[in-house]
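Fold and geometry: a report
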Amino acid sequence: MRATVMYGAGDVRVENVPDARLKEPTDALLTITRACICGSDLWPYKTMERTEEGQRMGHEFIGIVDAVGKEVRTVKRGDLVVAPFAWSDGTCEFCRQGLQTSCLHGGFWGGTELDGGQGEAVRVPLADGTLVKLPVAPDDALMPGLLTLSDVMGTGHHAALRANVGPGKTAAIVGDGAVGLCGVIAAKRLGAEQIIMLGRHADRIALAKEFGATDIVSERGEAAVERVRELTNGLGAHSVLECVGLEDSTVTAVSIARPGGAIGRVGLPQEDTIPEAGSSFFKNVTIAGGPAPVRAYIEELMPDVMEGRIEPGRVFDRVTDLDGVPDGYRAMNDRESIKVMIEF
Ligand SMILES: [Zn+2]
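I will try to describe carefully the structure that is included in this document. Residue numbering note: each chain is counted from 1, following its sequence as written. Residue-level local features of this predicted model are given only where pLDDT is at least 70; pairs of side-chain atoms are given and counted only at 80 or more, and the full residue set underlies all totals for whole chains, interfaces and linings. Derived side-chain values reflect all non-hydrogen atoms in the structure, with water molecules and hydrogen atoms excluded from consideration.

1. So, the overall build of the protein chain
Elements are defined by DSSP. Helices are runs of H or I of four residues or more, strands are runs of E of two residues or more, and each kind is numbered from the N terminus. Each helix and strand in the protein chain was counted, giving 12 helices and 18 strands. With respect to the three principal axes, the spread of C-alpha positions in the protein chain is 60 × 40 × 35 Å. When each of the 344 residues of the protein chain is scored for burial, the buried share is 56%. In what follows, residue pairs with any heavy atoms lying within 4.5 Å of each other are defined as contacts. Taking all contacts inside the protein chain whose residues are at least 6 apart in sequence as the whole, residues at least 24 apart take part in 69%. For the protein chain, the exposed area adds up to about 14,400 Å²; of that, 48% sits on carbon and sulfur atoms. Residues scored as charged are limited to Lys and Arg (positive) and Asp and Glu (negative), so that His and the chain ends carry no count. Note that the charge is assigned to NZ on lysines, CZ on arginines, CG on aspartates and CD on glutamates. Within the protein chain, one finds 35 positive and 49 negative side-chain charges whose respective centroids are separated by 3 Å. Partly exposed describes any residue whose relative accessible area lies between the buried limit of under 20% and the exposed limit of over 50%, with all areas from a 1.4 Å probe on protein chains only and scaled to the type maximum. To measure how exposed things are, a 1.4 Å probe is used in the Shrake-Rupley method; for residues, cover is taken only from the protein chains shown.

Spelled out as C-alpha coordinates, the structure:
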(Lines give C-alpha, C1' and ligand atoms only; values in the text may rest on other atoms or scores of the structure.)
Protein backbone atom coordinates (compact mmCIF):
# COMPACT_ATOMS: atom_id res chain seq x y z
CA MET A 1 0.00 0.00 0.00
CA ARG A 2 1.04 3.65 -0.27
CA ALA A 3 1.49 5.99 2.68
CA THR A 4 3.12 9.23 3.76
CA VAL A 5 6.60 9.00 5.30
CA MET A 6 8.63 11.90 6.71
CA TYR A 7 12.41 11.49 6.58
CA GLY A 8 13.45 14.85 7.97
CA ALA A 9 12.53 18.50 8.01
CA GLY A 10 10.90 19.43 4.71
CA ASP A 11 11.23 15.88 3.35
CA VAL A 12 7.79 14.25 3.04
CA ARG A 13 7.31 11.40 0.59
CA VAL A 14 4.43 9.20 -0.50
CA GLU A 15 5.78 5.73 -1.10
CA ASN A 16 5.14 1.99 -0.91
CA VAL A 17 5.11 0.53 2.59
CA PRO A 18 4.16 -2.91 3.97
CA ASP A 19 0.41 -3.54 3.77
CA ALA A 20 -1.54 -2.86 6.97
CA ARG A 21 -2.87 -6.13 8.42
CA LEU A 22 -4.53 -7.51 11.53
CA LYS A 23 -2.09 -8.59 14.26
CA GLU A 24 -4.07 -8.76 17.50
CA PRO A 25 -7.61 -10.10 18.08
CA THR A 26 -8.61 -6.59 19.24
CA ASP A 27 -7.49 -4.93 15.96
CA ALA A 28 -9.53 -3.58 13.10
CA LEU A 29 -8.24 -2.95 9.60
CA LEU A 30 -9.42 0.26 7.92
CA THR A 31 -9.35 1.44 4.32
CA ILE A 32 -8.94 5.19 4.65
CA THR A 33 -11.49 7.39 2.85
CA ARG A 34 -10.53 10.81 4.28
CA ALA A 35 -7.60 12.13 6.25
CA CYS A 36 -5.87 15.45 6.77
CA ILE A 37 -2.66 17.26 7.63
CA CYS A 38 -2.44 18.72 11.14
CA GLY A 39 -0.77 21.89 12.36
CA SER A 40 1.18 19.65 14.74
CA ASP A 41 2.59 17.77 11.71
CA LEU A 42 4.32 21.03 10.85
CA TRP A 43 6.56 20.87 13.94
CA PRO A 44 8.53 17.85 12.63
CA TYR A 45 8.21 19.34 9.14
CA LYS A 46 10.23 22.29 10.42
CA THR A 47 12.64 20.54 12.79
CA MET A 48 12.85 16.74 12.35
CA GLU A 49 16.37 15.34 12.18
CA ARG A 50 17.00 13.19 9.14
CA THR A 51 16.54 9.44 9.67
CA GLU A 52 17.07 6.46 7.38
CA GLU A 53 13.81 4.69 8.18
CA GLY A 54 11.57 7.79 8.36
CA GLN A 55 8.34 8.03 10.28
CA ARG A 56 4.77 7.40 9.18
CA MET A 57 2.49 10.41 9.36
CA GLY A 58 -1.18 11.23 9.97
CA HIS A 59 -3.44 10.94 12.98
CA GLU A 60 -6.81 12.23 11.75
CA PHE A 61 -8.84 9.89 9.58
CA ILE A 62 -12.13 8.33 8.57
CA GLY A 63 -12.25 4.89 6.99
CA ILE A 64 -14.27 1.81 6.16
CA VAL A 65 -13.71 -1.30 8.28
CA ASP A 66 -12.21 -4.01 6.08
CA ALA A 67 -11.73 -6.70 8.69
CA VAL A 68 -11.83 -7.12 12.46
CA GLY A 69 -10.08 -9.41 14.93
CA LYS A 70 -11.96 -12.11 16.85
CA GLU A 71 -12.51 -10.01 19.98
CA VAL A 72 -13.84 -6.84 18.31
CA ARG A 73 -17.50 -6.23 19.20
CA THR A 74 -18.47 -2.61 18.44
CA VAL A 75 -17.59 -2.32 14.74
CA LYS A 76 -17.86 -4.74 11.82
CA ARG A 77 -16.76 -5.07 8.21
CA GLY A 78 -18.34 -2.34 6.06
CA ASP A 79 -18.83 0.20 8.87
CA LEU A 80 -17.72 3.78 8.27
CA VAL A 81 -15.78 4.98 11.33
CA VAL A 82 -13.84 7.96 12.65
CA ALA A 83 -10.66 7.54 14.70
CA PRO A 84 -9.46 9.97 17.37
CA PHE A 85 -5.80 11.04 17.23
CA ALA A 86 -4.92 8.62 20.03
CA TRP A 87 -6.02 5.00 20.32
CA SER A 88 -7.25 3.70 23.68
CA ASP A 89 -8.90 0.69 25.32
CA GLY A 90 -11.92 2.57 26.66
CA THR A 91 -11.86 0.56 29.88
CA CYS A 92 -8.87 1.55 32.02
CA GLU A 93 -8.89 3.99 34.95
CA PHE A 94 -8.10 7.03 32.76
CA CYS A 95 -10.42 6.09 29.86
CA ARG A 96 -13.35 5.74 32.29
CA GLN A 97 -12.45 9.17 33.58
CA GLY A 98 -12.64 10.56 30.00
CA LEU A 99 -8.89 11.02 29.63
CA GLN A 100 -8.25 8.60 26.77
CA THR A 101 -4.98 10.35 25.79
CA SER A 102 -3.56 8.91 29.04
CA CYS A 103 -4.90 5.39 28.41
CA LEU A 104 -2.75 2.83 30.22
CA HIS A 105 -2.72 0.64 27.09
CA GLY A 106 -3.12 3.21 24.31
CA GLY A 107 -0.85 5.31 22.15
CA PHE A 108 -0.51 7.57 19.16
CA TRP A 109 -0.58 6.85 15.43
CA GLY A 110 2.37 6.76 13.08
CA GLY A 111 6.04 6.96 14.00
CA THR A 112 8.10 3.88 13.27
CA GLU A 113 5.86 1.17 14.79
CA LEU A 114 2.29 1.95 13.67
CA ASP A 115 0.47 2.95 10.52
CA GLY A 116 -0.43 6.61 10.09
CA GLY A 117 -3.63 8.13 8.79
CA GLN A 118 -2.03 9.70 5.71
CA GLY A 119 -1.99 6.40 3.87
CA GLU A 120 -4.30 3.96 2.13
CA ALA A 121 -4.95 1.70 5.13
CA VAL A 122 -4.39 1.51 8.89
CA ARG A 123 -4.24 -1.24 11.51
CA VAL A 124 -6.28 0.07 14.46
CA PRO A 125 -5.27 -1.40 17.84
CA LEU A 126 -7.98 -1.69 20.52
CA ALA A 127 -10.71 -1.03 17.96
CA ASP A 128 -13.59 -1.27 20.46
CA GLY A 129 -12.24 1.53 22.60
CA THR A 130 -10.95 3.66 19.75
CA LEU A 131 -13.34 3.77 16.80
CA VAL A 132 -16.72 5.48 16.56
CA LYS A 133 -19.23 4.46 13.90
CA LEU A 134 -20.53 7.25 11.64
CA PRO A 135 -24.22 7.11 10.67
CA VAL A 136 -23.63 8.48 7.14
CA ALA A 137 -22.31 7.35 3.75
CA PRO A 138 -18.60 7.92 2.92
CA ASP A 139 -19.45 10.64 0.38
CA ASP A 140 -21.78 12.56 2.65
CA ALA A 141 -21.41 16.35 2.56
CA LEU A 142 -20.88 16.29 6.32
CA MET A 143 -17.63 14.34 5.96
CA PRO A 144 -15.26 17.33 6.46
CA GLY A 145 -17.04 18.29 9.67
CA LEU A 146 -17.02 14.71 10.95
CA LEU A 147 -13.31 14.43 10.13
CA THR A 148 -12.56 17.36 12.47
CA LEU A 149 -13.89 15.23 15.35
CA SER A 150 -10.68 13.19 15.05
CA ASP A 151 -8.68 16.15 16.34
CA VAL A 152 -9.14 19.88 15.76
CA MET A 153 -12.79 20.28 16.80
CA GLY A 154 -12.30 18.09 19.87
CA THR A 155 -9.06 19.90 20.66
CA GLY A 156 -10.68 23.34 20.42
CA HIS A 157 -13.48 22.03 22.66
CA HIS A 158 -10.93 20.74 25.16
CA ALA A 159 -9.21 24.15 25.28
CA ALA A 160 -12.56 25.81 25.95
CA LEU A 161 -13.46 23.32 28.70
CA ARG A 162 -10.07 23.67 30.41
CA ALA A 163 -10.37 27.47 30.18
CA ASN A 164 -13.74 27.24 31.95
CA VAL A 165 -15.66 28.92 29.12
CA GLY A 166 -19.27 29.47 30.09
CA PRO A 167 -22.34 31.66 29.58
CA GLY A 168 -21.75 35.39 29.93
CA LYS A 169 -17.95 35.06 29.97
CA THR A 170 -15.27 36.56 27.78
CA ALA A 171 -13.13 34.04 25.91
CA ALA A 172 -9.93 34.98 24.08
CA ILE A 173 -8.32 32.65 21.55
CA VAL A 174 -4.57 32.78 20.93
CA GLY A 175 -3.76 31.12 17.60
CA ASP A 176 -5.67 31.39 14.33
CA GLY A 177 -4.94 27.92 12.98
CA ALA A 178 -7.59 25.23 12.60
CA VAL A 179 -7.58 24.47 16.35
CA GLY A 180 -7.96 28.14 17.29
CA LEU A 181 -10.80 28.50 14.81
CA CYS A 182 -12.49 25.42 16.27
CA GLY A 183 -11.88 27.03 19.68
CA VAL A 184 -14.05 29.92 18.53
CA ILE A 185 -16.80 27.45 17.61
CA ALA A 186 -16.43 25.74 20.98
CA ALA A 187 -16.47 29.00 22.96
CA LYS A 188 -19.65 30.09 21.22
CA ARG A 189 -21.22 26.66 21.68
CA LEU A 190 -20.49 26.81 25.42
CA GLY A 191 -22.15 30.20 25.71
CA ALA A 192 -19.31 32.75 25.80
CA GLU A 193 -20.69 36.26 25.39
CA GLN A 194 -17.58 37.95 24.03
CA ILE A 195 -15.15 35.99 21.86
CA ILE A 196 -11.85 37.71 21.06
CA MET A 197 -9.71 36.16 18.31
CA LEU A 198 -6.03 37.10 18.15
CA GLY A 199 -5.00 36.70 14.54
CA ARG A 200 -3.63 38.47 11.51
CA HIS A 201 -4.48 36.47 8.40
CA ALA A 202 -7.47 37.87 6.49
CA ASP A 203 -8.90 34.46 5.51
CA ARG A 204 -8.70 33.15 9.09
CA ILE A 205 -10.17 36.34 10.56
CA ALA A 206 -13.12 36.13 8.16
CA LEU A 207 -13.79 32.54 9.17
CA ALA A 208 -13.40 33.34 12.87
CA LYS A 209 -16.07 36.03 12.55
CA GLU A 210 -18.41 33.61 10.82
CA PHE A 211 -17.78 31.08 13.59
CA GLY A 212 -18.78 33.65 16.23
CA ALA A 213 -15.77 35.84 17.10
CA THR A 214 -17.06 39.22 18.28
CA ASP A 215 -13.69 41.04 18.29
CA ILE A 216 -10.46 40.61 16.33
CA VAL A 217 -7.08 41.67 17.69
CA SER A 218 -4.40 41.80 14.98
CA GLU A 219 -1.69 43.53 17.00
CA ARG A 220 1.25 41.50 18.33
CA GLY A 221 2.96 41.25 21.71
CA GLU A 222 2.35 44.05 24.22
CA ALA A 223 0.11 45.95 21.79
CA ALA A 224 -2.16 42.89 21.56
CA VAL A 225 -2.30 42.65 25.35
CA GLU A 226 -3.27 46.35 25.55
CA ARG A 227 -5.99 45.89 22.95
CA VAL A 228 -7.52 42.93 24.83
CA ARG A 229 -7.45 44.98 28.03
CA GLU A 230 -9.33 47.77 26.26
CA LEU A 231 -11.92 45.30 25.00
CA THR A 232 -12.46 43.89 28.51
CA ASN A 233 -12.82 47.10 30.55
CA GLY A 234 -9.21 46.79 31.64
CA LEU A 235 -9.85 43.43 33.34
CA GLY A 236 -8.69 40.75 30.90
CA ALA A 237 -10.45 37.62 29.64
CA HIS A 238 -12.09 35.04 31.89
CA SER A 239 -11.03 32.24 29.58
CA VAL A 240 -7.98 32.06 27.33
CA LEU A 241 -7.56 29.27 24.77
CA GLU A 242 -3.83 28.84 24.02
CA CYS A 243 -3.73 27.04 20.67
CA VAL A 244 -0.12 27.55 19.54
CA GLY A 245 2.40 26.25 22.10
CA LEU A 246 5.21 28.79 21.61
CA GLU A 247 6.74 30.96 24.32
CA ASP A 248 5.35 34.19 22.82
CA SER A 249 1.82 32.83 22.59
CA THR A 250 1.96 31.58 26.17
CA VAL A 251 3.22 34.95 27.43
CA THR A 252 0.31 36.60 25.60
CA ALA A 253 -2.15 34.07 27.04
CA VAL A 254 -1.04 34.72 30.62
CA SER A 255 -0.96 38.47 30.06
CA ILE A 256 -4.54 38.71 28.76
CA ALA A 257 -6.07 36.39 31.39
CA ARG A 258 -7.91 38.24 34.12
CA PRO A 259 -7.18 37.54 37.80
CA GLY A 260 -8.89 34.29 38.73
CA GLY A 261 -9.23 33.38 35.07
CA ALA A 262 -8.18 30.17 33.34
CA ILE A 263 -5.99 29.22 30.41
CA GLY A 264 -6.75 26.07 28.46
CA ARG A 265 -3.60 25.11 26.61
CA VAL A 266 -3.71 22.67 23.74
CA GLY A 267 -0.84 23.93 21.61
CA LEU A 268 1.99 21.39 21.75
CA PRO A 269 4.58 23.15 23.98
CA GLN A 270 7.80 23.96 22.19
CA GLU A 271 9.52 25.04 25.42
CA ASP A 272 10.32 23.11 28.59
CA THR A 273 8.97 25.70 31.01
CA ILE A 274 5.81 27.77 31.22
CA PRO A 275 6.74 31.47 31.05
CA GLU A 276 5.24 34.21 33.25
CA ALA A 277 5.33 32.06 36.40
CA GLY A 278 5.27 35.15 38.62
CA SER A 279 2.45 37.03 36.92
CA SER A 280 0.25 33.94 36.60
CA PHE A 281 0.85 33.23 40.29
CA PHE A 282 -0.08 36.72 41.46
CA LYS A 283 -3.20 36.69 39.26
CA ASN A 284 -4.34 33.30 40.59
CA VAL A 285 -4.65 32.11 37.01
CA THR A 286 -5.42 28.45 36.43
CA ILE A 287 -3.25 26.92 33.69
CA ALA A 288 -4.67 23.61 32.53
CA GLY A 289 -4.83 21.46 29.44
CA GLY A 290 -2.85 18.96 27.42
CA PRO A 291 -3.52 16.56 24.55
CA ALA A 292 -7.28 16.57 24.14
CA PRO A 293 -9.08 13.31 24.89
CA VAL A 294 -11.06 13.80 21.70
CA ARG A 295 -12.45 10.25 21.98
CA ALA A 296 -14.44 11.50 24.98
CA TYR A 297 -16.00 14.30 22.94
CA ILE A 298 -16.92 12.59 19.65
CA GLU A 299 -20.40 11.45 20.74
CA GLU A 300 -21.11 14.84 22.33
CA LEU A 301 -20.07 16.94 19.33
CA MET A 302 -21.29 14.66 16.53
CA PRO A 303 -25.01 15.61 16.74
CA ASP A 304 -24.08 19.30 16.39
CA VAL A 305 -22.13 18.50 13.23
CA MET A 306 -24.85 16.17 11.88
CA GLU A 307 -27.56 18.76 12.40
CA GLY A 308 -25.49 21.67 11.09
CA ARG A 309 -25.36 23.66 14.33
CA ILE A 310 -21.60 23.84 14.00
CA GLU A 311 -19.56 23.69 10.77
CA PRO A 312 -15.96 22.93 11.75
CA GLY A 313 -15.39 21.31 8.33
CA ARG A 314 -15.02 24.82 6.95
CA VAL A 315 -11.46 24.92 8.32
CA PHE A 316 -10.51 22.78 5.31
CA ASP A 317 -9.66 25.20 2.52
CA ARG A 318 -7.79 22.78 0.27
CA VAL A 319 -8.39 19.20 -0.88
CA THR A 320 -5.78 16.87 -2.34
CA ASP A 321 -5.25 13.22 -3.19
CA LEU A 322 -2.52 11.13 -1.55
CA ASP A 323 0.07 12.19 -4.15
CA GLY A 324 -0.53 15.83 -3.26
CA VAL A 325 0.30 15.38 0.44
CA PRO A 326 3.92 16.67 0.26
CA ASP A 327 2.67 19.86 -1.41
CA GLY A 328 -0.07 20.05 1.20
CA TYR A 329 2.57 20.20 3.93
CA ARG A 330 4.34 22.96 2.04
CA ALA A 331 1.12 24.93 1.56
CA MET A 332 0.21 24.75 5.25
CA ASN A 333 3.76 25.58 6.30
CA ASP A 334 3.75 28.61 3.96
CA ARG A 335 0.34 29.67 5.37
CA GLU A 336 -1.19 29.32 1.93
CA SER A 337 -3.70 26.94 3.45
CA ILE A 338 -5.37 26.68 6.86
CA LYS A 339 -5.87 22.91 6.69
CA VAL A 340 -5.58 20.35 3.92
CA MET A 341 -7.99 17.43 3.54
CA ILE A 342 -6.93 14.25 1.75
CA GLU A 343 -9.53 12.37 -0.28
CA PHE A 344 -8.77 8.81 -1.33
ZN1 LIG B 1 -7.57 3.21 28.65
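2. Description of the coordination of the zinc ion
Protein ligation of the zinc ion involves Asp89 (OD), Cys92 (SG), Cys95 (SG) and Cys103 (SG), the donor distances falling in the range 2.1 to 2.3 Å. Water is not among the atoms examined, so metal sites may look incomplete; donors are the N, O and S atoms within 2.8 Å of the metal, or within 3.2 Å for Na, K and Ca. Any site counts as irregular unless it has four donors with all angles between 85 and 135 degrees, making it tetrahedral, or four or six donors with opposite ones more than 155 degrees apart and the rest between 65 and 115, making it square planar or octahedral. The site at the zinc ion holds 4 donor atoms, and with the angles between them running 96 to 120°, its shape is tetrahedral.

3. Describing the environment of Val325
In this structure, Val325 sits in helix 12 (residues 325-333). Accessibility expressed as a relative area gives 0% for Val325, which makes it buried. Through-space distance from the C-alpha of Val325 to that of Leu207 is 24 Å; in sequence the pair is 118 residues apart. Not counting the four nearest positions on each side in its chain, Val325 is found in contact with Thr4, Val12, Val14, Ile37, Gln118, Thr320 and Ile342.

4. Some points on the sheet that holds strand 14 (residues 237-242)
In this scheme, strands are said to pair when DSSP sees at least two bridges between them. Here we have 6 strands laid out as an open sheet, ordered 13-12-11-14-15-16, and parallel in their pairing. Single-partner strands in this sheet number two, and they are strand 13 (215-217) and strand 16 (286-289). With strand direction ignored, the average angle separating the axes of adjacent strands in the sheet is 20°. Convention adopted: a line fitted to C-alpha atoms gives each axis, helices being fitted over their contacting stretch, and angles between N-to-C directions are expressed from 0 to 180 degrees. Strands in contact with helix 6 (residues 178-189) are strand 11 (170-174), strand 12 (194-198) and strand 14; relative to strand 12, the strand with the most contacts, it is inclined by about 175°.

5. Focus on the pattern of salt bridges
One speaks of a salt bridge when a side-chain nitrogen belonging to Lys or Arg is within 4 Å of a carboxyl oxygen belonging to Asp or Glu. The tally for this structure, following the rule as stated, stands at 26 salt bridges. Two residues, Arg34 and Glu343, come together in a salt bridge whose shortest N-O distance is 3.0 Å. Of this pair, Arg34 sits in strand 3 (residues 28-36) while Glu343 sits in strand 18 (residues 340-343), and the two are 309 residues apart along the sequence. Across the pair Glu222 and Arg229 runs a salt bridge whose closest N-O atoms are separated by 4.0 Å. For Arg229, a relative accessible area of 31% translates into the label partly exposed. One connected set of salt bridges, linked through shared partners, spans Arg189, Glu300, Asp304, Glu307 and Arg309.

6. Points about empty space enclosed by the protein
Using a grid of 1 Å spacing that covers the protein atoms alone, one calls a set of points a cavity when a 1.4 Å probe fits there but cannot get out, and a pocket when the set is open and has protein on both sides within 12 Å along at least five of seven lines; lining residues are those with an atom within 4 Å of a point. Grid points are joined across faces, edges and corners, and a volume is the space filled by probe spheres set on the points. What the rule picks out here adds up to 1 cavity of 30 Å³ or more. By volume, the largest cavity amounts to about 30 Å³. Around the largest cavity, the lining residues are Pro84, Phe85, Ala86, Gln100, Thr101, Ala292, Pro293, Val294 and Arg295. For this classification, the nonpolar set comprises Ala, Val, Leu, Ile, Met, Phe, Trp, Tyr, Cys and Pro, the charged set comprises Asp, Glu, Lys and Arg, and every other residue, Gly included, is treated as polar. Across the lining of the largest cavity, the residue classes tally to 6 nonpolar, 2 polar and 1 charged.

7. A closer look at the pairing of strand 16
With 4 bridges joining them, strand 15 (residues 257-265) and strand 16 adopt parallel strand pairing. Paired with Gly264 across the bridge in strand 16 is Ala288. Every crossover in which the path from the first strand over the helix to the second runs clockwise, viewed with the strands pointing away from the viewer, is termed right-handed. As for the winding sense of the linkage, the β-α-β connection from strand 15 through helix 10 (residues 277-282) to strand 16 is right-handed.

8. Here we look at the pairing of strand 1 (residues 2-8)
Of all 7 residues in strand 1, 6 are buried; the element is thus mostly enclosed. Examined bridge by bridge, strand 1 and strand 2 (residues 11-16) share 6 bridges and lie antiparallel to one another. Directly across from Gly8, in strand 2, lies its bridge partner Asp11. Linkage of strand 1 to strand 2, two consecutive antiparallel strands, is achieved through a turn of 2 residues, within which Gly10 is found at a positive phi near 75°.

9. What to know about the packing of aromatic side chains
Two rings from Phe, Tyr or Trp (for Trp, the six-membered ring) form a pair when their centres are within 6.5 Å of each other. A pair whose planes differ by under 30 degrees is stacked, one over 60 is edge-to-face, and the rest are tilted. Summed over all chains, the structure comprises 4 aromatic pairs. On the basis of an interplanar angle of 35° and a centroid distance of 5.5 Å, the ring pair of Tyr45 and Tyr329 is categorised as tilted. Linking Tyr45 in helix 1 (residues 42-47) with Tyr329 in helix 12, this pair joins segments that are 284 residues apart in sequence. Judged by relative accessible area, Tyr329 falls into the buried class, the value being 0%. Here the aromatic rings of Phe85 and Phe108 are separated by 6.3 Å at their centres, their planes lie at 20°, and the arrangement is stacked. Of this pair, Phe85 sits in the loop between strand 6 (80-83) and strand 7 (86-87) while Phe108 sits in strand 8 (residues 107-108), placing them 23 residues apart in sequence. Judged by relative accessible area, which is 10%, Phe85 ranks as buried. For Phe108, a relative accessible area of 45% translates into the label partly exposed.

10. Details of the side chain of Arg34
Classification of Arg34 as buried rests on a relative accessible area of 11%. Among the polar contacts made by the side chain of Arg34, one reaches the side chain of Glu343 at a distance of 3.0 Å. Residues adjacent in sequence count toward polar contacts only when both atoms are side-chain atoms; beyond that, a polar contact is any pair of N or O atoms within 3.5 Å, and within protein one must be able to donate a hydrogen and the other to accept it.

11. Observations concerning the layout of surface pockets
Roughly 320 Å³ of internal volume is contained in the second largest pocket. Looking at the lining of the second largest pocket, the elements with two or more residues in it are strand 1 and strand 4 (55-56). Of the residues belonging to the lining of the second largest pocket, the class tally is 6 nonpolar, 4 polar and 9 charged.

Honestly, it's all geometry; don't read function into it.
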